[in-house]
Number of protein chains: 2
Amino acid sequence: MPDAAPLEPGQLAAYFALMEVGGLLQHAVEQQLRDEGGLSYIQFQILAVLSEGADGPQRMTDVADRLVHSRSGLTYQIAQLAEAGWVAKTSSPDDERSVMVSLTPEGRTLLDRVMAGHVQVVQRFLLDPLSSEDVASLGDVLGRVRAHMRSVPPRSAAPRRKPRSHL
Amino acid sequence: MPDAAPLEPGQLAAYFALMEVGGLLQHAVEQQLRDEGGLSYIQFQILAVLSEGADGPQRMTDVADRLVHSRSGLTYQIAQLAEAGWVAKTSSPDDERSVMVSLTPEGRTLLDRVMAGHVQVVQRFLLDPLSSEDVASLGDVLGRVRAHMRSVPPRSAAPRRKPRSHL
DNA sequence: TATTGTTATACTCTATAACTATA
DNA sequence: TATAGTTATAGAGTATAACAATA
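Not measured: the values here are computed from a predicted model.

**So, the interface of chain B and chain A**
Then comes step 1: Facing the 66 residues of chain B at the interface are 66 residues of chain A.
Then comes step 2: Counting each side, the surface lost to burial between chain B and chain A is near 6300 Å², with a carbon and sulfur contribution of 69%.
Then comes step 3: Taken together, the links from chain B to chain A amount to 5 salt bridges.
Then comes step 4: Ionic pairing is found between R146 of chain A and E20 of chain B, a salt bridge with its closest N-O pair at 3.5 Å.
Then comes step 5: Those elements giving two or more residues to the side of chain B that touches chain A turn out to be helix 1 (9-37), helix 5 (105-127) and helix 6 (132-151) of chain B.
Then comes step 6: If you tally residues by element for the side of chain B that touches chain A, the top one is helix 1 of chain B, at 21 residues.
Then comes step 7: Residue composition of the side of chain B that touches chain A, by class: 36 nonpolar, 18 polar and 12 charged.

Spelled out as structure tokens, the structure:
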């Protein structure tokens, strides 16, 4: 185990700013999603992931992997979303074990409707005070961090595969 | 209500990267805190806030304001931390209604011990792939965003004061 | 045997509202 | 009246482990 070199003040400041901004932004966005769509943030993320392929349904496990979720947790969330009529479950023709999930038309309508306000919140809280250079720089630096995080094995070098994502 | 100008791809990318990095980092850090200190992230944040003053105890409400928490939620968390012996509650000499909270020596010891591993995780997941210029840029941009967020009134321009923070 | 997904279960956390007491 | 904090309560979400079905 390597020795812990204490962080420099600037490093600590960047870390704290990142966590605080992320937390505040998530808070703001969660409220908007709750108010305008009755959605939790994770539910929104699930709908967003399902809307991505533009084509069709995705496997449960793949969705869970994208979103850090335990599979039982995803089962729970999908059940909520299916009960509300926003997603549909179908069985896979290829693999009888798999369950495919897809957005229903209602789900897509909801996502579209909610996304408008969502974008407004992001604009207002995150983007308004930034120049386009700032945004480019932020995207560049955080993009590299994201790529790095995805490649770093968990500390308990477990032989389990678990790629992650948070939207 | 202003019309929602759709975000440019770069803006969207920065937003997604921010949320994903924040989420992944919080996940990594939570696991470390749980493993090495039996602490949730919020509990860690509370201890960190209490350790800040360097001097002494702080009022319940002030801590809650710093951390987005409802007051009942903070009462719950403080009860947990007090039962574990990491914080102590005392009554304020100035205001009989107030309850002051402070770190116990055990709490400070725990925080110091946990902080070492914490810093390692931050180093490994966030800082390793970044140059010092990157870190400076990140801290600068996010610092401005944080300042902006703290000043933006909630959308439901409620006359409630609720300054926020996430560590 | 390994993988997919569900279920049962138990736990943590959160917020709302009603309440007490001080200011 | 307004503020500080607690309590009761109820709900959302999570993860673990045991399980069934399929590969």
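**Topic: the protein's contact with DNA strand D**
Then comes step 1: DNA strand D sits among 23 residues. The nearest are S72 of chain A together with T61, T75, K89 and V99 of chain B.
Then comes step 2: Within 4 Å of the protein, atoms of DNA strand D come from sugar and phosphate in 66% of cases.
Then comes step 3: E96 of chain A is positioned with one of its backbone polar atoms (N or O) 2.9 Å from a phosphate oxygen of DNA strand D.
Then comes step 4: At 2.6 Å, a side-chain N or O of T75 of chain B approaches a phosphate oxygen of DNA strand D.
Then comes step 5: Within the residue set of the surface near DNA strand D, elements represented by two or more residues are helix 2 (41-52) and helix 4 (71-83) of chain A together with helix 3 (60-66) and helix 4 (71-83) of chain B.
Then comes step 6: By residue class, the composition of the surface near DNA strand D is 4 nonpolar, 10 polar and 9 charged.

**Points about the sheet that holds strand 1 (residues 58-59) of chain B**
Residue and element names in this part refer to chain B.
Then comes step 1: Spatially, 1-3-2 is the arrangement adopted by the 3 strands of the open sheet, whose pairing is antiparallel. The open sheet terminates on both sides in strands that have one partner only, identified here as strand 1 and strand 2 (87-91).
Then comes step 2: Pairing of strand 1 with strand 3 (residues 99-103) involves 2 bridges; the strand directions are antiparallel. Looking across to strand 3, one finds that Q58 is bridged to V101.

**A look at the environment of H118 of chain B**
Then comes step 1: Considering the arrangement of structural elements, one finds H118 of chain B in helix 5.
Then comes step 2: H118 of chain B sits 86 residues away from Q32 of chain B along the chain, and the two C-alpha atoms are 6.8 Å apart.
Then comes step 3: Here H118 of chain B is in contact with Y15 of chain A together with V29, Q32, L33, Y41 and F44 of chain B, once residues within four sequence places are set aside.
Then comes step 4: A polar atom in the side chain of H118 of chain B sits 2.6 Å from the side chain of Y15 of chain A.

**Some details on the relation of the copies chain B and chain A**
The two chain copies are connected by a rotation around an axis plus a translation along it.
Then comes step 1: The two copies are related by a screw motion: chain B maps onto chain A through a turn of 180° and a shift of 0.0 Å along the axis, at an RMSD of 0.1 Å. Each copy turns onto its partner about a two-fold axis. Closest to the rotation axis within chain B is the C-alpha of G22 of chain B, separated from it by 2.8 Å.
Then comes step 2: Residue by residue, 100% of the interface of chain B is reproduced at the interface of chain A, so both copies engage with the same surface.

Rules behind the numbers
The residue numbers shown here count from 1 along each chain, following its written sequence. Here every chain gets a letter starting at A, and every ligand a number starting at 1, in the order they are written. The model is predicted, so local features are restricted to residues of pLDDT at least 70 and side-chain atom pairs to those at 80 or more, both for listing and for counting; the totals for chains, interfaces and linings are taken over all residues. Side-chain numbers here rest on the full set of heavy atoms in the structure, without hydrogens or water. Any two residues having at least one pair of non-hydrogen atoms within 4.5 Å are treated as being in contact. As used here, buried area is the combined drop in accessible area, with a 1.4 Å probe, of two parts when they are placed together. Salt bridge, as used here: a side-chain nitrogen of Lys or Arg that lies within 4 Å of a carboxyl oxygen of Asp or Glu. To qualify as a helix, a DSSP run of H or I must reach at least 4 residues; to qualify as a strand, a run of E must reach at least 2; elements of each kind are numbered from the N terminus. Each residue gets one of three labels, nonpolar for Ala, Val, Leu, Ile, Met, Phe, Trp, Tyr, Cys and Pro, charged for Asp, Glu, Lys and Arg, and polar for the others, Gly among them. The rule for a residue being near a molecule or strand is that one of its heavy atoms must lie within 4 Å of it. Here a polar contact is recorded for every N or O atom pair within 3.5 Å, except that within protein the pair must consist of a potential hydrogen donor and a potential acceptor, and residues adjacent in sequence are included only if both atoms are side-chain atoms. Two strands make a pair as long as DSSP finds a minimum of two bridges between them. To superpose the copies, least squares is applied to the C-alpha atoms of every residue with a pLDDT of at least 70 in both.

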